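Reading the structure
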Amino acid sequence: MAGRKQPPTSTPVRAQRLVISASHIVATHTYLALAAFGLALFLGCALHYKKIVKNGVAGYPDEWFPSVSATIGDWYPERNIFQILIALTSGPRFALVSLQYFLRRSPSTSLPGFLFTMGIIRTLLCGGWVYITSNDDHDVHDVLMITYILCNVPWMWGGVLCTPIGHVKARRRRRYVATGFFISIIPMIYFFVQHKIYRIPGAYTRYSCFEWSLILLDILFDSITELDFRASNLQIVLGLSLDASVGCNDISHSAPFQASNSATEIKLEGSAASSETEQTVSHASGTVHQTFFQKTQAAHTLSRDARAVISFISDVYLSYLFWSIFTSLITTLFYFSVWQLALSGSELSLLVLLSPVLLGISPLRTWALTRSGQVTLRAVAILTGLGSYALRSPMQRLFAVNFANVVLLIGQTVDWSAGKDGYQGFLLGLGLVSLSLAKHANHSTNPVWPMLNEESGGYNKTGLFLALCALYELGTRPPASAEEKQISGLKDNSKVTSHGWLAGSIALGSMIFTLHCFFIDPSTIIAWSWTGYKNGQPKGPLPHLHGSLTLIAQAIGLALPTVLPACWFTNPLWFSYGCASAFVMYRFRDWMGFVGGLNMAVFVMSLLPTIIRQSAQPNKAGRTYFTAFFVTILFYLADVWTVAYAFVPGGVYLRERSDLVLIAQFVATSLVFAWPSSKRTAANTIVHIPSSASFLVRHLLTLFSLSAVLVTLYRWTPVGPRPYKSGTGIINAGIWTVHFGIDNVGHDSQRLIRDIIRDMELDVVGLLETDLHRTVYGNRDLTRVALQDLGYYVDLGPGPNMHTWGAALLSKFPIVHSKHHLLPSPHGELAPAIEAVLDVYGIEVTVVVSHNGQEQDPLDRELQSKELARIMAKSYPRPVIFLGYVVTKPHASRPAPYEILVHDGIVHDIDPQDWDRWCEYIFYRGLYRTAYARISRGIVTDTELQIGQFVIPRHGFQLVNQTLEDRMLRAWKEDLSEDHWFPIKYYGNDDEGGINGHFYHVFNTPLYYKLPEGAQV
């Protein structure tokens, strides 16, 4: 148009771009990290050397090299400079993790996404232990650092696996550094134990050297990424264009790159290409479209991989909750049986385990298989089961747990029946291992059981919050892709059934009971092998120290099917290995028996995927899982009958025959093995599992194993047991029947027991009814809280394979020697006793703890009393303290136990004038008795706590004036030094005073006694 200004013609406009090599980011991260730690170490040594090398054991010159924590967190200015430099390091570190994912991502594997997630978590954890120093909060600092080390396991070994095969140099360096890192942990832990436990001067310096080596190796491992980025010519392009619509920021390669292992393939337009061919605005639209597509694809891949990892973790947690709710049923119902000492009717609750029979209703099963059905069933079951802890009434909790198990088992078994591969079996095993780990970390109690609350060591609210997160993840989980469904369908079509549904269901029922009986707590098989002390050392493994070995064995067993052909685990030779392991565990004791139990753990866990897979019968789910749990119920009852034979009908047939129960378990399990006479084909013994899931299983099991070891170290008592009143010669000894660790309202009572033991400053404690390593009691260790919180030597007494109700000894004094006795019991319950020799202020004192039979069996009581008297008499003239549950009236003549024990055992009654006794008695010899107290039961149990206070004669002096009159010289507490006084705060009655319902009763005060004239103490 005339007179109108024409627009300028389109001409190429050069975009301004900044090209940064990704390798420079890695170098920046390396130099900043080295500068942060190196400068902190230099300034610390220059300014505060003697302060940062000093610790709770020793200082300079014994200690001459500082720990990382002391260097970076204790003093100004090194702490502040270090934190500033670490803050600057965070940017390159996040970029390094993101670029590594960009380089490694692939639609064929979720491993890069998993490593990306671990890299982010690892970085945040690093910030946690850096900025929360040991001075700020020692426990939080340690937990964050330990978790950081655990995250290095998948980060480092996953990094090795994801290194392209063509990058030989980078792969080799990563392998060497990762190996050096994990090898260094072993001596580091050793020297930490030498410092913390044995308090050896100089050990912490050696520990610090290895701790610093971990820091350097950690930084060096991340620095190797520079080789990958250089080999790939990975670059970051930051562009500024005259056209705002053009997106010029990009991450690029000089050319299409394909890893030699075909695991990673990245093809992007790059800045290197732009150096050869000028990019113009006319070509920008195509570039923008391609760049947007690439970024969207990368984000989608990252989201999918991360979601796969999150889904896996969610599934494992839901499996842990399944085991938690399932195992809580029998402990909740047995509260009533314990109080009745007979069948109470609550045992009928076991029938709720038969709820999978409802899967025979086709519409119900069809709905349960849908996403809404899965989420609804789990939500109802988990929220009801976990939330039942808030109910105050034991009966209300039982009804809630019953309902939760009905719903839970329907949802769980329908998943098992529809399983197309071994994934469900691995999930079940991982849930069990996580339960065992949770109990190991929480004093042998599951933190989400209804029998626990905040006061008794529960983390119920935390469990519920995590459950809601897992349920939300399940409800919003994307459906399986068409490719995954096709692969799953192919696997399903390859299945060949052989023995039908019955064999698989019987084996499954036996497997569930075996796992519950032996492996929901890592210390159960230790209790089976425990026999006591010899020459001042335990003869076998200790639960709180060696329980982690059980967890490692379980992890190894579950990991085997991910690396070995599944047909190996149905071979009769493998069954022979399992039988041999069980025989060694049952027949031998101490370390040999424990090793048998470890091998049995490997065997049983390795069978889980196979048994779950072979029991899957989609069209017969109702009858299959009904039969399986019916078998489980039969095993539960048989297990109880072996020890409770005196209180149940037909008990005589299974009295003390746990060997028959164990044989029956293996006979049932044998049905899934490929015997020569069977028609089983190779196809139906193959357990399929996706490669990505296999990788996650192995690494999670590795994390669980390392966590178990670290929990052991964290819980390890730093100082050995010491008497409460060292140097005074005073011994406070108590006897208490603790009613299987279940208080009067159905909660775990370990912490209530610990509190009164601590307040009364008991040096020696006999606890009765303590054999809790049974399914009905939750496989708990009743001594664990007192041992780890207060510091005691512990003799667990006869194990569950001895078929008693249990007796345990806690001692502040070293146990020189101990022996377990099964007292004669021809008619009634089998009575346990512990005979222990203690080193009490340099003098050997025999302590006997026993639980005699009930009054219904007078012959049993007579024979048991004679055996106890023999044990005490044979140690004469050595001092003796007898702490027992006797069931007799004071001064009762033969054949009642009192006269037999006192006269034949050559001991004194702690107070012959106390006529108001029936169950518990304290006898003694060779000591001066200075106090005697009886404390009400509170809500802990149905029996009082009795305490005797004794004084050791001075070394080289004999006892004097031991007539009845001289022994019964009563005194006011003011007549004795305050070391002899019991706590004032326990004076009270039912209406006021006392602590937690405990108060001095019967006499309303402790009784005190004068020392005889001429006594030297």
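Residues numbered from 1 in each chain as written. Predicted model: local features only at pLDDT ≥ 70, side-chain atom pairs only at ≥ 80, totals over all residues. Heavy atoms only, no water.

Tallying secondary structure elements over the chain gives 29 helices and 21 strands in all. Counting all 1017 residues of the chain, 59% fall into the buried class. Summarising the internal contacts of the chain: among those between residues at least 6 apart in sequence, 76% fall at separations of at least 24. As displayed, the chain has an accessible area near 40,700 Å², and 62% of this comes from carbon and sulfur atoms. (Helix = DSSP H or I, 4+ residues; strand = E, 2+ residues; numbered from the N terminus. Buried < 20%, exposed > 50% of the residue type's maximum accessible area, 1.4 Å probe, protein only. Contact = heavy atoms within 4.5 Å. Areas by Shrake-Rupley, 256 points an atom, 1.4 Å probe, with all protein chains shown as cover.)

Before going further, it helps to examine the confidence of the model for the chain. With 88% of its residues at a pLDDT of 70 or more, the chain shows a mean pLDDT of 85. Low pLDDT, under 50, characterises residues 298-302; the predicted model gives this stretch 7 contacts beyond four residues in sequence or across chains. In the model, residues 486-498 has pLDDT below 50 throughout and makes 20 contacts with residues more than four positions away in sequence or in other chains. (pLDDT = per-residue confidence, 0-100.)

Before going further, it helps to examine helix α25 (residues 750-760). One full turn of an α-helix is made of 3.6 residues, so residues set three or four places apart face in the same direction. Most of α25 sits out of view: 9 of its 11 residues are buried. In this structure, the buried residues of α25 make contact with β8 (730-737), β9 (764-768), α26 (784-791), β18 (928-935) and β19 (945-951). Just downstream of α25 lies glutamate 761, where phi reads positive at about 55°.

So, about helix α19 (residues 543-559). The first and last C-alpha atoms of α19 sit 24 Å apart over 17 residues, in line with the 24 Å expected at 1.5 Å per residue. Of all 17 residues making up α19, 12 are buried, and the element is well covered by its neighbours. (Expected span 1.5 Å × (residues − 1).)

Turning our attention to the nonpolar core. Membership of the largest hydrophobic core comes to 222 residues, with the highest contact counts inside it found for Phe37 and Trp129. Looking at which element gives the most residues to this core, the answer is helix α10 (residues 284-340), with 18 residues. Excluding residues that lie within four positions of it along the chain, phenylalanine 37 makes contacts with Val68, Ile72, Phe82, Ile86, Trp129, Trp212, Ile215 and Ile219. In this structure, Trp155, Met156, Val177 and Ala178 belong to the second largest nonpolar core, which totals 21 residues. (Core = buried A, V, L, I, M, F, W, Y, C linked by side-chain atoms within 4.5 Å.)

On the surface, a cluster of nonpolar side chains totalling about 480 Å² of accessible area is made up of Val357, Leu358, Ile361, Phe626, Phe630 and Leu634. Residue placement: valine 357 occurs in the loop between α10 and α11 (362-369). (Patch = residues over 30% accessible without salt bridge, like charges linked within 9 Å, V, L, I, M, F, W, Y side chains within 5 Å. Salt bridge = Lys/Arg side-chain N within 4 Å of Asp/Glu carboxyl O.)

Another aspect to go through is the sheet that holds strand β20 (residues 970-971). Taken together, 8 strands build an open sheet; the order of strands is β10-β11-β9-β8-β19-β18-β21-β20 and the sheet is mixed. Each edge of the open sheet carries a strand with a single partner, namely β10 (793-795) and β20. With 2 bridges connecting them, β20 and strand β21 (residues 1007-1009) associate as antiparallel partners. Considered in β21, the bridge of alanine 971 is made with tyrosine 1008. On the sheet, α25 packs against β8, β9, β18 and β19 and is oriented at approximately 155° with respect to β8. (Pairing = 2+ DSSP bridges. Axes fitted to C-alpha atoms, helices over the stretch in contact; angles between N-to-C directions.)

This part covers the packing of helix α17 (residues 500-518) against helix α22 (residues 621-641). Contact geometry of α17 with α22 gives a least axis separation of 7 Å together with a crossing angle of 40°. For the element pair α17 / α22, the angle class is oblique. Both α17 and α22 take part in a crossing whose hand is right-handed. Only Arg623, Thr624, Tyr625, Thr627, Ala628, Phe629, Val631, Thr632, Phe635, Tyr636 and Asp639 of α22 make contact with α17, whose side of the interface consists of Trp501, Leu502, Ser505, Ile506, Leu508, Gly509, Ser510, Ile512, Phe513 and His516. A breakdown of the residues in the contact of α17 with α22 according to their chemical character gives 12 nonpolar, 7 polar and 2 charged. (Parallel < 35°, antiparallel > 145°, perpendicular 65-115°, else oblique. Left-handed = near helix turned anticlockwise from the far one by under 90°. Nonpolar A, V, L, I, M, F, W, Y, C, P; charged D, E, K, R; others polar.)

Along β19, 7 of the 7 residues are buried, which leaves the element largely enclosed by surrounding structure. On β19, burial covers both faces: Leu945, Ile947, Gln949 and Val951 on one face and Gln946, Gly948 and Phe950 on the other are all buried. Sheet topology note: the β8/β19 ladder contains 7 bridges and is antiparallel. Residue pairing across strands places alanine 733 opposite glycine 948, the latter belonging to β19.

Turning our eyes to something else, we now look at the layout of surface pockets. Volume-wise, the second largest pocket comes out at about 1,800 Å³. In terms of residue count, the dominant contributor to the lining of the second largest pocket is helix α24 (residues 691-715) (10 residues). Taken together, the residues that form the lining of the second largest pocket break down as 30 nonpolar, 9 polar and 2 charged. (1 Å grid on protein atoms, 1.4 Å probe; cavity = no way out; pocket = protein on both sides within 12 Å on 5 of 7 lines; lining within 4 Å. Points joined across faces, edges and corners; volume = space filled by probe spheres on them.)

Here threonine 71 shows up in helix α2 (residues 68-73). Overall, threonine 71 belongs to the buried group, its relative accessible area being 0%. Here serine 67 takes part through its backbone oxygen, which lies 2.7 Å from a polar atom of the side chain of threonine 71. Not counting the four nearest positions on each side in its chain, threonine 71 is found in contact with Ala40, Leu41, Ile52, Pro66, Glu78 and Trp212. (Polar contact = N/O pair within 3.5 Å; in protein donor to acceptor, adjacent residues only side chain to side chain.)

It is at 10 Å that the axes of helix α14 (residues 423-441) and α19 come closest, and there the two elements cross at 170°. In terms of axis orientation, α14 runs roughly antiparallel to α19. Of the residues in α19, those in contact with Phe426, Gly429, Leu430, Leu432, Val433, Ser436, Leu437 and His440 of α14 are Pro543, His544, Gly547, Ser548, Leu551, Gln554 and Leu558. Split by residue class, the contact of α14 with α19 holds 8 nonpolar, 7 polar and no charged.

All right, on to the environment of leucine 321 then. For leucine 321, the position within the fold is in helix α10. Taking C-alpha positions, leucine 321 is 8.5 Å from leucine 386, a pair spaced 65 residues apart along the chain. Those residues within four positions of leucine 321 in sequence are excluded, and the remaining contacts are Ile382, Leu386 and Ala467.

Following the criterion strictly, the structure yields 33 salt bridges and no others. For aspartate 748, the salt bridge is made with arginine 780, and the minimal N-O distance between the two is 2.4 Å. On the criterion of sequence distance, the pair formed by aspartate 748 in the loop between β8 and α25 and arginine 780 in the loop between β9 and α26 is long-range, its members being 32 residues apart. The shortest N-O distance in the salt bridge between aspartate 781 and arginine 784 comes to 3.2 Å. Across the pair, arginine 784 and aspartate 781 agree in class, each one buried. When salt bridges with common partners are traced through the structure, they connect Arg754, Asp755, Arg758, Asp759, Asp789 and Lys985 into a single cluster.

Take the environment of alanine 693 next. Residue placement: alanine 693 occurs in helix α24. Sequence-wise, alanine 693 and threonine 562 are 131 residues apart; in three dimensions their C-alpha atoms are separated by 9.3 Å.

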